[in-house]
Amino acid sequence: KESKYIKLSVICPYTNRFVIKAITKRKQAFELTNDKEKAEFQWGDYETLHWESILSGRMKGSSYCTRKGMSRKAQLSKYLNKHTTKNPTS
């Protein structure tokens, strides 16, 4: 099975570190890329997503928003766990 390519564009270095850790734990399924043409999925802050590719259906996207001064690391963990429970092959 081929890896799915993810373009990561999370601005906050602290959050970025944990997203990378979660993705690399599943390196048989996912591979990080900076190439928006190669990426099948983009995870990042709302303003950094490549909306043209997402809205055209060429790429899927997810925006993990953080409020200034507040961390949402627990939510990230919860939703990653929920997603992988529902989609064990993802």
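Higher on the page you've got the structure.
Residues numbered from 1 in each chain as written. Predicted model: local features only at pLDDT ≥ 70, side-chain atom pairs only at ≥ 80, totals over all residues. Heavy atoms only, no water.

Details of the packing of aromatic side chains
And then number 1: For the structure shown, the criterion picks out three aromatic pairs.
And then number 2: Ring geometry for Phe-41 and Trp-43: centres 6.4 Å apart, planes at 70°, overall edge-to-face.
And then number 3: Under the relative-accessibility criterion, Phe-41 is labelled partly exposed at 24%.
And then number 4: You can call Trp-43 buried: its relative accessible area is 14%. (Phe/Tyr/Trp six-rings, centres within 6.5 Å; stacked < 30°, edge-to-face > 60°. Buried < 20%, exposed > 50% of the residue type's maximum accessible area, 1.4 Å probe, protein only.)

Observations regarding the environment of Ala-39
And then number 1: Within the element layout of this structure, Ala-39 appears in the loop between strand 2 (30-32) and strand 3 (41-44).
And then number 2: Among the residues examined, Ala-39 registers a relative accessible area of 1% and is labelled buried.
And then number 3: Remark: the alpha-carbon pair of Ala-39 and Tyr-5, spanning 34 residues in sequence, is separated by 4.7 Å.
And then number 4: When neighbours within four sequence positions are excluded, Ala-39 is seen to be in contact with Tyr-5, Lys-7, Thr-33, Arg-58 and Met-59. (Helix = DSSP H or I, 4+ residues; strand = E, 2+ residues; numbered from the N terminus. Contact = heavy atoms within 4.5 Å.)

Describing helix 1 (residues 13-25)
And then number 1: Over its 13 residues, helix 1 extends 18 Å from the first C-alpha to the last, a length consistent with the 18 Å expected when each residue adds 1.5 Å.
And then number 2: All of the buried residues along helix 1 are Thr-15, Val-19, Ala-22 and Ile-23. Buried residues of helix 1 fall within an arc of 95° about the axis and therefore sit on the same side. When the buried face of helix 1 is taken as reference, the exposed residues oriented beyond 90 degrees from it are Pro-13, Lys-21 and Lys-25. (Expected span 1.5 Å × (residues − 1). Arc of directions from axis to C-beta.)

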